[in-house]
Amino acid sequence: MTTNTHFFSLMVTHTNLHRQFLLEQEAISCGKQRLHDSLEKLEGKSYASASVYGVSSIREALPYLIKTVEDTFYRLSKGQAGKFYKEISLYLEELEPLAIATILLKITFDRVFSTKRQANLLVPTMSAIGSALETECKFRWYKHNYPGLMHYISDKYFHDACGTMQKQVIASKKFGEHDIRWPAWGTKTKVSLGRWGLTSVMESTGWFTISKRKTQRKRYEYKVVPTPEFETKRDELIKTAELFSGIPWPMLVVPDDWGYNEEGHIIYGGYLTNRMMKGHDLTRKGNPTIKHGEAPINFLNKLQRVKYCVNRHVLEVAEEMRLRGRVIGKFIPIAPAYKPSRPADADDSPESNLSWRRSMAEAYNADRINFKRSVRTRTQLEAAEKFKDESFYLCWSFDYRGRAYPIPAFLTPQDTDFGKALLVFADESSVTDEAELWLSFQVATTYGLDKCTLEDRHQWVSENHELITKVATDPIRYMSDWEEVDEPWQFMSSCHEYYHCCIAKDKLTTGLMVAVDATCSGLQILAGMAADKSTAELVNVVPSAKPSDAYKAVADKAKEFLPDYMHPWMNRTVCKRTVMTIPYNATKDSSRKYIRQALLEKGINPTKDELTQIVNADYSSMDTIVPGPMNVMRWIKKHVGQYIRNGATEVEWVTPSGFVVNQKRNDIETMRMELQLLGRTSVRIPTGKETPSPIKHKSSTAPNYIHSFDASILHRSFSQFDEPFTVIHDSVLCRAGDMGTLNRLVRETYTNIFSEKCWLSEFAETINASEPPPIVGTLDPKVVSNSTYFFC
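An account of the accompanying structure is given in this report. (Residues numbered from 1 in each chain as written. Predicted model: local features only at pLDDT ≥ 70, side-chain atom pairs only at ≥ 80, totals over all residues. Heavy atoms only, no water.)

### Examining the environment of P724
One can find P724 in the loop between α27 (694-717) and β20 (725-728). Between the alpha carbons of P724 and K78 there is a distance of 74 Å; along the sequence they are 646 residues apart. Residues within four places of P724 in sequence aside, it is in contact with V306, F425, D427, L733, C734 and R735. (Helix = DSSP H or I, 4+ residues; strand = E, 2+ residues; numbered from the N terminus. Contact = heavy atoms within 4.5 Å.)

Quick look at the structure:
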């Protein structure tokens, strides 16, 4: 009997392996097909400059073409350019070389690789280049001489669906109505400028040439074509793009483990084909030569062995909402805009016809915008449908700080509220008394009671069985009872699970993912680093009868720095984003945006001076009530800056789990331009000059150091946890019956990490700090073991 079972298991494994290979081949094939469909679409619209080979090639060619343009202008200034360049000095003196070079390359790529008939004929191509240069000059002229009118036209008549030609027609017409007309360039001028521009592109790149052939009418036809050398380059760029175009779907078998061989080189894990193709790295944007410790690698491999399946109940509800075109939270299905019928008097009434055409244009633009907004929802549903009858696994990798991220883009726990609700653990556990409590916790938390005590949350659930039953048994009919809550899809899913497990009791196991989160994890970690008890008390490291609220504490303290009339404005919501982001070196500008948005939502529109007062009050409040973390961040900024200025090229440290963080922050030479029709575009010129940036290191080291510690806490916590789990940054998720164990392990890990050594002193040695770190020394990390709300 045992032998037969083992044989059957081997057959299943072999079958699934074969299916997985087919799935990965399909993913690669679909990705390649999408890539080529995109290329075909772009070339069909004469927009090859936006293709994978166009973007890459234009970026490479820009510095050389800019040099050619600059040389032309220099010769013109010396009177050495000759009659051939007369039009350049007359018409292009207001355009900078970068803008000219970008336009020349864009139009050349668009015309040469267009699939439209005769798009790459020589004279039309030169004329198109000249016309594009004129369009740029024309819109700059409008904006410079008539900024108010240009802003009005742009705001009222330009929309996402407007193309370049449409914008030109609209602008010309509207300015013409005010008797304002651009002095148009003649055809000869545009062709002459186009001839110079095309010649410059050909000479500076060597990628294009002119072909000459006789037509059936015995006339010569001249076309701009790519050289054989560029055709080869283009093919290579497309083939490289094909390697990375595969759709990263979930896997039907356990992903391959990540690891290191005897020489210390990475063994590629994840997809079965990844060891051959190496399309996904262990550490994203990291140094591939670094060897991380055993704990983070084991953590990642354990994470990859977790099995999931699609929540069929959520999928069924979503399909109905899709058919109804109902938007709920981040669930945005396609909902075609209303398109009015053409009025009966349209032929006789120009005004009626114009009004109808405008309404239709607005409707089609709304459809275009909605199509873009609905992309994520459509892809989520497509992935859920594909895997709804399967159990599956996810491939994971690290960012360079040690945080774990799924490689697939959909059907992952790190998705929108709707995306998360689509997932459950495939291996369910029994519904115990403890599981019932954590299911209750999940219902209340997703409803929006995340700041209440555990007792209050459980009490709310027990008093709202009727609501939970309605949402669980008929979510379509009672949609209004759940669509506006904090996390509507997860709440609806949690109600369904809680009802069947705890009310109807017709389900004896649960696979619902229950999530607990850190309380302002940045301050929790800084409190541990600085051994700062006062901060630890504010962020639930120290035990308390109810959750501490650092955001409210900062808001209350900030009132002391503000005039009386502003006191009613200040609450936890106004200060929350600022308090959350200050440990990550958020700027005062970003804090202004967060605070202004929060006040506007309360119906308060603060003046510029009032905003400044509130931001400064928040920072003063933080300095007063959490001085330890604020001093640690200033210390890190100061000494990391000195470290880089003294000659270091990067900052590297080893986290408590053995993950090696390698931080590079270089100043890369860039040029910035503003093309009126293309929008503001930042262009990076690959000069090869990169210098370590003290400013960038100063701003990024403290947040990255904190993130590396919250990652380490998870790496080490899960070394002793052998049940299904997953993570979202610094949040942990597991089955309801396992949450008590996991909560204990997270607390123990925090205690162990901040008891075993002074990490800031070690970091001080790493960066050769001239001053010791500002350790407060009042916190015993062991107290966290009794803190109910540390992770909750």
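There is more to say after this.
### Let's talk about helix α23 (residues 572-581)
Each α-helix winds once per 3.6 residues, and so residues spaced three or four apart point in a common direction. Of all the residues in α23, the buried ones are R572, V574, C575, T578, V579 and T581. Sitting at the head of α23, N571 places a side-chain oxygen 3.1 Å from the backbone nitrogen of T573. (Buried < 20%, exposed > 50% of the residue type's maximum accessible area, 1.4 Å probe, protein only. Polar contact = N/O pair within 3.5 Å; in protein donor to acceptor, adjacent residues only side chain to side chain.)

### Some thoughts on the pairing of strand β8 (residues 396-399)
Where strand β5 (residues 283-284) and β8 come together, 2 bridges link them in parallel fashion. Bridge pairing in β8 places R284 opposite D399. Where β8 and strand β9 (residues 404-406) come together, 3 bridges link them in antiparallel fashion. Paired with F398 across the bridge in β9 is A404. What sits between the antiparallel neighbours β8 and β9 is a turn of 4 residues, in which G402 has the positive phi angle 105°. (Pairing = 2+ DSSP bridges.)

### Observations regarding unusual backbone geometry
Unlike most non-glycine residues, L411 shows phi in positive territory, near 60°. Residue position: L411 is located in the loop between β9 and α15 (417-421). Under the relative-accessibility criterion, L411 is labelled buried at 2%. The phi angle at A531 is positive, at roughly 50°, despite the residue not being glycine. Structurally, A531 is set in the loop between α20 (521-530) and α21 (533-538). Owing to a relative accessible area of 14%, A531 belongs among the buried residues under this scheme.

### Overview of helix α7 (residues 164-177)
The first and last C-alpha atoms of α7 sit 20 Å apart over 14 residues, in line with the 20 Å expected at 1.5 Å per residue. Buried residues of α7: K167, Q168, I170, A171, K174, F175 and G176, and no others. Here the buried face of α7 lies against α5 (122-145), α6 (147-157) and α13 (350-373). Just past α7, the residue D179 takes up positive phi, approximately 60°. (Expected span 1.5 Å × (residues − 1).)

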